[in-house]
Amino acid sequence: MDTAARILLIGNDEAHLDARAAVLRSFWQVATLSVDAIELPLIDTDLVVVCETLPEPERQQWVERVRTESSAMLVVKLNGYDAGPHASADATVDVEHGPGALVATLYELLTERGLESRGWPASLRDVPVH
């Protein structure tokens, strides 16, 4: 059974979402949601990442929507700057800092909540295939 935290990526570019998800799946369970989805499936999610493929006003609307649905949900917004809690998000990550900045921020927030991440595999045979 996989006890890694569950992350939901929200954006409007499926290729972009899939690329982000591929990296994050090394550490957590990851699902993606295209913005044309009618429902926001937060019930099985520990943290939501609102991607920069959405225009800024729409990104902020998604942050607010997540907060309305679940005030305790962790929310990270990808922006052009790094910040701690800001504008209803628990953190913002500068997209120019690459995937390591996002992974580090997610790991920190999830660890503070006591939520687990996958450890380093003992061998390449142990790496999950998705």
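Residues numbered from 1 in each chain as written. Predicted model: local features only at pLDDT ≥ 70, side-chain atom pairs only at ≥ 80, totals over all residues. Heavy atoms only, no water.

Let's talk about the pattern of salt bridges
This is how it is decided: In the sections that follow, a salt bridge refers to a side-chain nitrogen of Lys or Arg positioned within 4 Å of a carboxyl oxygen of Asp or Glu. Helix numbering and strand numbering both begin at the N terminus, where a helix is a DSSP run of H or I of at least 4 residues and a strand a DSSP run of E of at least 2. In this scheme, a residue with accessible area under 20% of its type's maximum is buried, one over 50% is exposed, and one in between is partly exposed, where area comes from a 1.4 Å probe on protein chains only.
Counted under the stated rule, the structure contains five salt bridges. For arginine 6, the salt bridge is made with aspartate 46, and the minimal N-O distance between the two is 2.8 Å. Note that arginine 6 is positioned in strand β1 (residues 6-11) and aspartate 46 in the loop between β2 (29-34) and β3 (47-50), a separation of 40 residues in sequence. Assessed through its relative accessible area of 14%, aspartate 46 is described here as buried.

Thoughts on the nonpolar core
Rule in force here: Throughout, nonpolar core names a set of buried Ala, Val, Leu, Ile, Met, Phe, Trp, Tyr and Cys residues whose side chains join them through atoms within 4.5 Å. Throughout, a contact is declared for two residues whenever any of their heavy atoms are within 4.5 Å.
Ranked by internal contacts, the top residues of the largest apolar core, which has 22 residues, are Ile7, Leu9, Leu47, Val49, Val76 and Leu106. Breaking this core down by element, the ones donating at least two residues are β1, α1 (14-24), β3, β4 (74-79), β5 (91-94) and α3 (98-112). For leucine 9, the contacting residues outside a window of four places in its chain are Leu17, Arg20, Ala21, Leu24, Val30, Ala31, Thr32, Leu33, Val49 and Cys51. Leu33, Val50, Leu54 and Ala89 belong to the second largest nonpolar core, which has twelve residues in total.

Regarding the pairing of β2
Using the following cut-off: The rule for pairing is simple: two strands pair if DSSP sees at least two bridges between them. A clockwise course of the path from the first strand over the helix to the second, judged with the strands pointing away from the viewer, identifies a crossover as right-handed.
Alignment of β1 against β2, held across six bridges, turns out to be parallel. Considered in β2, the bridge of isoleucine 7 is made with valine 30. Regarding topology, α1 serves as the crossover connection from β1 to the parallel β2, and that connection is right-handed.

Quick word on the side chain of aspartate 90
Let me state the cut-off plainly: We define a polar contact as two N or O atoms separated by no more than 3.5 Å, with the added condition that, inside protein, one atom must be a possible hydrogen donor and the other a possible acceptor, whereas residues neighbouring each other in sequence contribute only through side-chain atom pairs.
Structurally, the position occupied by aspartate 90 is in the loop between β4 and β5. Only 2.7 Å separates the side chain of aspartate 90 from the side chain of arginine 67, close enough to count as a polar contact. Side-chain polar atoms of aspartate 90 contact the backbone nitrogen of valine 75, separated by 2.7 Å. Excluding residues within four positions of it along the chain, aspartate 90 makes contact with Arg67, Met73, Leu74, Val75, Gly84, Pro85 and Leu109.

Examining the side chain of arginine 67
You can see arginine 67 is positioned in helix α2 (residues 56-69). Residue arginine 67 is classed as buried on the basis of its relative accessible area of 18%. The residues touching arginine 67, leaving out its near neighbours within four places in the chain, are Met73, Val75, Ser88, Ala89 and Asp90.

Let's talk about the environment of arginine 118
Note on placement: arginine 118 falls in the segment after α3. Reaching out from arginine 118, the side chain makes a polar contact with the backbone oxygen of arginine 25 at a distance of 2.5 Å. Among the polar contacts made by the side chain of arginine 118, one reaches the main-chain carbonyl oxygen of tryptophan 28 at a distance of 2.9 Å.

Looking at the packing of aromatic side chains
Condition: Each pair of aromatic rings taken from Phe, Tyr and Trp, with Trp reduced to its six-membered ring, is defined by centres within 6.5 Å and is described as stacked if the planes are under 30 degrees apart, edge-to-face if over 60, and tilted in the remaining cases.
One pass over the full model with this rule turns up one aromatic pair. On the numbers, 5.4 Å between centres and 50 degrees between planes, the contact of phenylalanine 27 with tryptophan 28 is tilted. By relative accessible area, phenylalanine 27 is classed as partly exposed at 21%.

By themselves these figures say nothing about function.
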